[in-house]
Amino acid sequence: MSENHVKSLLETPLKVVNIGLESFSEALVEQGVEVVHLDWIPPGGGDPKLADLLSKLE
Amino acid sequence: MSAAAANGAAAGTAIVINQLRKGFYLDSVALMRFSRSIAAMPGVEEAALMMGTPANRRIMADAGLLNQTGEAAGGGDLILAIRAKTRPSAEQALTQSQALLDQPAAPGVGATAWRPRTLRAAVKHLPEANLALISVPGDFAIAEARKAIRRGLHAMIFSDNVSLAAEAALKQEAQTLGRLVMGPDCGTAIINGAPLAFANNVPRGAVGIIGASGTGIQEVSCLIGQYGGGISHAIGVGGRDLANEIGGVSTLMALDALASDAATAHLVLISKPPPAAVMARVLERVAGMGKPVTVCFIGAGIMPMPVNATQVFSLKDAARTALGLRQNGDTTPLKAPSDIRAPAERIAGQNTVRGLFSGGTLCAEAQAIFIAADARVASNAPIPGAGQIPATPPGHQLLDLGDDSYTRGRPHPMIDPMVRDQPIIDALSDGAVAVILLDLVIGFGAHHDPAGHLAATVMTHRQQDGPVVIASVTGTEADPQIRSVQIAKLEAAGIHVAPTNADAAAWSLLAAGPTVAA
């Protein structure tokens, strides 16, 4: 099963959600890749353990 | 955005000031740029603007930058930390830090006005999104990747500082969901012609690359382009994917995907030598691919290969083999140009090579070239057969300056070439060094003019009868920095530029003279 999902990634135009360094978004835009840049702040009030827990609940 | 109380304390004779900005996030590249400009102010000994994650707080404590205000920071707080000779200097630096943080951000190139705050909103805005590119602090990277794969996206994790156990758990879940996780610590990928993070603008073609190494992928993909071929996809898997604890989950998924990918006719697999059990699993999968595969386990000895696979020992030979330019047993001719100073002209005792690399795999490839030439070599990141620094006595030394021990809390030398200045200056005046060997990696994500910076450093600090400098440039003519322009700048500074990293390593050995008996 897993191969088919990865295969489709390789066969479909890349569309990216960028989470972190803004320069990565800029480089993708310059290459004509569709990208949404997340206005990210550390979740869980900046507590990594809470952020980890929240990611499992979302 | 509100400033919490500043707190100053004397550390020895120096003054340490910390201030927090609660819930204020800036990316690490922007913060490192600010930190450097504050640290350069008069009277300032050290400065860091960092998010208050546990890992960052440890780095700041080790640097003598943290007091009780900073220690109380959470991962969502920005810490402004300054150590200065006097209180007025510290306070002036703090004021300047605040001004830098308060300046309006320049709008990104082509950036959309609206920016979602959550992945859920981002996917709603771009429903066909198929990949999350994650470069947040390592403490939060797995949580973001988990959200991404559960929403049906594949993930590329550029962040490092992620535990092996967390990587294993994430990749197992991703495998169950049929999603690919590239990374953590994945610096390079090219998917469907789109370069991600640190990658080069290479032509499209029939060669697919799977690599546990960013600069390894960059060198091979650029050489394939230079030799007339092109890349279908280059999939990074992260430096630990082939560790026993991970078991090569992403490598195996990538092999399966490229096996059935119509655009890929030939595969190149690049990694450090994996442990035996993982290697067996990977080679078994390679054997069933039905496509030719070039296997480059840098630093490995000769090993049995499936009939459809060819083992090579350098990145250069990986590129040549993938394009059918090299037959088994054909060794690359390596000739140094005649204008490199001959060993006889060197002054006594000047007989070692000092390699100062920004790319880990380029450093490993150079070590492999040295070992194949029976030259004794040591490194901070040794491959099998090389000595470990500092335990090994002085001789040829090939250093990976992008290694974690050099980059903790500092930018990577590919982003900021200044990181390499001091080691280069030291080597230029070291009486035992005959040759300084360097790599220069350009492309997306890299510094805008590393050659200009390197040339100025070498010209300013070179000494009469000092070492010769040999370099290679990993990149393409289509990269923003333009490879030929970078080469011309190096050559104008008297730096010898070899066509590949492997050639540069071989040239440096020839120029250094007889093998060093360390």
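Cut-offs applied
Residues numbered from 1 in each chain as written. Chains lettered and ligands numbered in written order. Predicted model: local features only at pLDDT ≥ 70, side-chain atom pairs only at ≥ 80, totals over all residues. Heavy atoms only, no water. Helix = DSSP H or I, 4+ residues; strand = E, 2+ residues; numbered from the N terminus. Rg over C-alpha atoms; globule rule 2.2 N^0.38 Å. Buried < 20%, exposed > 50% of the residue type's maximum accessible area, 1.4 Å probe, protein only. Contact = heavy atoms within 4.5 Å. Areas by Shrake-Rupley, 256 points an atom, 1.4 Å probe, with all protein chains shown as cover. Lys, Arg positive; Asp, Glu negative; His and termini not counted. Charge placed at Lys NZ, Arg CZ, Asp CG, Glu CD. Phe/Tyr/Trp six-rings, centres within 6.5 Å; stacked < 30°, edge-to-face > 60°. Salt bridge = Lys/Arg side-chain N within 4 Å of Asp/Glu carboxyl O. Domains from an automatic or database assignment. Buried area = accessible area lost by both parts, 1.4 Å probe. Polar contact = N/O pair within 3.5 Å; in protein donor to acceptor, adjacent residues only side chain to side chain. Nonpolar A, V, L, I, M, F, W, Y, C, P; charged D, E, K, R; others polar. Pairing = 2+ DSSP bridges. Right-handed = clockwise from strand over helix to strand, strands pointing away. Axes fitted to C-alpha atoms, helices over the stretch in contact; angles between N-to-C directions. Parallel < 35°, antiparallel > 145°, perpendicular 65-115°, else oblique. Core = buried A, V, L, I, M, F, W, Y, C linked by side-chain atoms within 4.5 Å.

**So, the overall build of chain B**
Thinking step 1. Looking only at helices and strands, chain B has 17 helices and 21 strands in total.
Thinking step 2. Taken over the C-alpha trace, chain B has a radius of gyration of 24 Å; the compact-globule value for 518 residues is 24 Å, and the two agree within 12%.
Thinking step 3. Each principal axis of the C-alpha atoms in chain B carries an extent, and together these give about 70 × 60 × 40 Å.
Thinking step 4. Expressed as a percentage of its 518 residues, the buried residues of chain B come to 59%.
Thinking step 5. Restricting the contact set of chain B to residue pairs at least 6 apart, pairs at least 24 apart contribute 69%.
Thinking step 6. Working note: accessible area of chain B is about 19600 Å², and carbon and sulfur atoms make up 55% of it.
Thinking step 7. With 39 positive and 41 negative side-chain charges, chain B shows a separation of 5 Å between the mean positions of the two kinds.

**Overview of the packing of aromatic side chains**
How two aromatic rings sit relative to each other is given by the distance of their centres and the angle of their planes.
Thinking step 1. This model, assessed by the stated rule, comprises 5 aromatic pairs over all chains.
Thinking step 2. Measuring from centroid to centroid gives 4.9 Å for phenylalanine 24 of chain A and phenylalanine 158 of chain B, while their planes differ by 85°, and the two rings are edge-to-face. Taken together, the positions of phenylalanine 24 of chain A in helix H2 (residues 22-30) and phenylalanine 158 of chain B in the loop between strand S6 (154-157) and helix H7 (164-177) put the pair across two chains.
Thinking step 3. On the basis of an interplanar angle of 80° and a centroid distance of 6.3 Å, the ring pair of phenylalanine 24 of chain A and phenylalanine 198 of chain B is categorised as edge-to-face. Highlighted residues: phenylalanine 24 of chain A in helix H2 and phenylalanine 198 of chain B in the loop between strand S9 (194-197) and strand S10 (204-211), drawn from two different chains. One exposure class covers both phenylalanine 24 of chain A and phenylalanine 198 of chain B, and it is buried.
Thinking step 4. Site record: aromatic cluster; members linked through ring pairs are Phe24 of chain A together with Phe158 and Phe198 of chain B.

**Structural notes on the pattern of salt bridges**
Residue and element names in this part refer to chain B.
Thinking step 1. Summed over the entire model, instances satisfying the criterion amount to 23 salt bridges over all chains.
Thinking step 2. Here arginine 21 ties to aspartate 102 by a salt bridge, and the two come within 2.8 Å at their closest N and O atoms. Of this pair, arginine 21 sits in strand S2 (residues 14-21) while aspartate 102 is found in helix H4 (residues 87-102), placing the two residues 81 residues apart along the sequence.
Thinking step 3. Residue arginine 21 is classed as buried on the basis of its relative accessible area of 4%.
Thinking step 4. In this structure, the salt-bridge partner of lysine 316 is aspartate 503, at a minimum N-O distance of 2.9 Å.

**Some points on the domain arrangement of chain B**
It is common to give the size of an interface as the accessible area lost on bringing the parts into contact.
All names here are of chain B.
Thinking step 1. Entries for chain B in the domain assignment read domain 1 (7-102), domain 2 (121-322) and domain 3 (343-512).
Thinking step 2. A separation of 26 Å is found between the C-alpha centroids of domain 2 and domain 3.
Thinking step 3. Together, Phe198, Asn201 and Thr215 form the three largest contributors to the area buried by domain 2 at its contact with domain 3, with a combined 28%.
Thinking step 4. At the boundary of domain 2 and domain 3, one finds 1 salt bridge.
Thinking step 5. Our count for the contact surface shared by domain 2 and domain 3 stands at 13 residue pairs in polar contact (both at pLDDT 80 or more).
Thinking step 6. Listing elements by their share of the side of domain 2 that touches domain 3, those giving two or more residues are S9, helix H8 (214-226) and helix H11 (315-322).
Thinking step 7. Examining the composition of the side of domain 2 that touches domain 3, we find that 7 residues originate from one element, H8, more than from any other.
Thinking step 8. Residue composition of the side of domain 2 that touches domain 3, grouped by class: 12 nonpolar, 9 polar and 3 charged.

**Here we look at the pairing of strand S20 (residues 468-474) of chain B**
Residues and elements named next belong to chain B.
Thinking step 1. Within S20, 7 of the 7 residues are buried, which leaves the element mostly enclosed by the surrounding structure.
Thinking step 2. The pairing of strand S19 (residues 433-441) with S20 spans 7 bridges and is classified as parallel. Its bridge partner lying in S20, isoleucine 436 is registered against valine 469.
Thinking step 3. Regarding the hand of the β-α-β motif, the stretch spanning S19, helix H15 (residues 450-461) and S20 is right-handed.

**Overview of the packing of helix H6 (residues 138-150) of chain B against H7 of chain B**
Residue and element names in this part refer to chain B.
Thinking step 1. Remark: H6 packs on H7, axes separated minimally by 10 Å, with the N-to-C direction vectors making an angle of 5°. One element, H6, and the other, H7, form an angle in the roughly parallel class. Side by side, H6 and H7 meet where Ile142, Ala145, Arg146, Ile149 and Arg150 of the first sit next to Ala166, Glu167, Leu170, Glu173, Ala174 and Leu177 of the second.
Thinking step 2. Across the contact of H6 with H7, the residue classes break down as 7 nonpolar, no polar and 4 charged.

**A short note on the packing of H8 of chain B against helix H12 (residues 360-372) of chain B**
Residue and element names in this part refer to chain B.
Thinking step 1. The contact between H8 and H12 brings their axes to 6 Å, and the two run at 75°. In terms of orientation, H8 and H12 fall into the roughly perpendicular class. When H8 is examined against H12, the residues Thr215, Gly216 and Glu219 are found in contact with a partner set consisting of Gly360, Thr361 and Leu362.
Thinking step 2. Each residue belonging to the contact of H8 with H12 can be placed in one class, and the counts come to 1 nonpolar, 4 polar and 1 charged.

**Let's talk about the sheet that holds strand S21 (residues 496-498) of chain B**
Residue and element names in this part refer to chain B.
Thinking step 1. With respect to topology, 7 strands assemble into an open sheet ordered S17-S16-S18-S15-S19-S20-S21, the strand pairing being parallel. Two strands lie at the open edges of the sheet, namely strand S17 (387-388) and S21, each paired on one side alone.
Thinking step 2. H12 contacts strand S15 (352-357), strand S16 (377-379), strand S18 (396-400), S19 and S20 of the sheet and is inclined by roughly 160° relative to S18.
Thinking step 3. Helix-sheet contacts for H15 involve S19 and S20, and the interaxial angle to S19 is about 160°.

**Overview of the pairing of S9 of chain B**
Thinking step 1. Note that strand S8 (residues 188-191) of chain B and S9 of chain B share 4 bridges and pair antiparallel. Its bridge partner being in S9 of chain B, isoleucine 190 of chain B is matched across the sheet by proline 195 of chain B.

**Some words on the side chain of arginine 420 of chain B**
Residue and element names in this part refer to chain B.
Thinking step 1. Within the fold, arginine 420 resides in the loop between helix H13 (404-407) and helix H14 (421-428).
Thinking step 2. Residue classification places arginine 420 among the buried residues on the basis of a relative accessible area of 7%.
Thinking step 3. Within the structure, the side chain of arginine 420 is placed 2.8 Å from the backbone oxygen of aspartate 439, a separation counted as a polar contact.
Thinking step 4. Ignoring any residue separated from it by four or fewer positions in sequence, one finds arginine 420 in contact with Leu356, Phe357, Ser358, Leu401, Leu438, Asp439, Leu440 and Leu454.

**A look at the nonpolar core**
Residues and elements named next belong to chain B.
Thinking step 1. Judged by nonpolar contacts, the single largest core of 101 residues is most densely connected at Leu196, Ile209 and Leu437.
Thinking step 2. Element by element, the count of residues in this core is highest for helix H17 (residues 501-512), at 8 residues.
Thinking step 3. Residues from two domains meet in this core; each of domain 2 (121-322) and domain 3 (343-512) gives at least three.
Thinking step 4. In this structure isoleucine 209 touches Ile217, Val220, Ser221, Ile224, Ile231, His233, Ala234, Ile235, Leu258, Val268 and Ile270, once residues within four positions along its chain are discounted.
Thinking step 5. The next biggest cluster of nonpolar side chains, apart from the first, holds 48 residues, and it includes Ala84, Val123, Ala145 and Val181.

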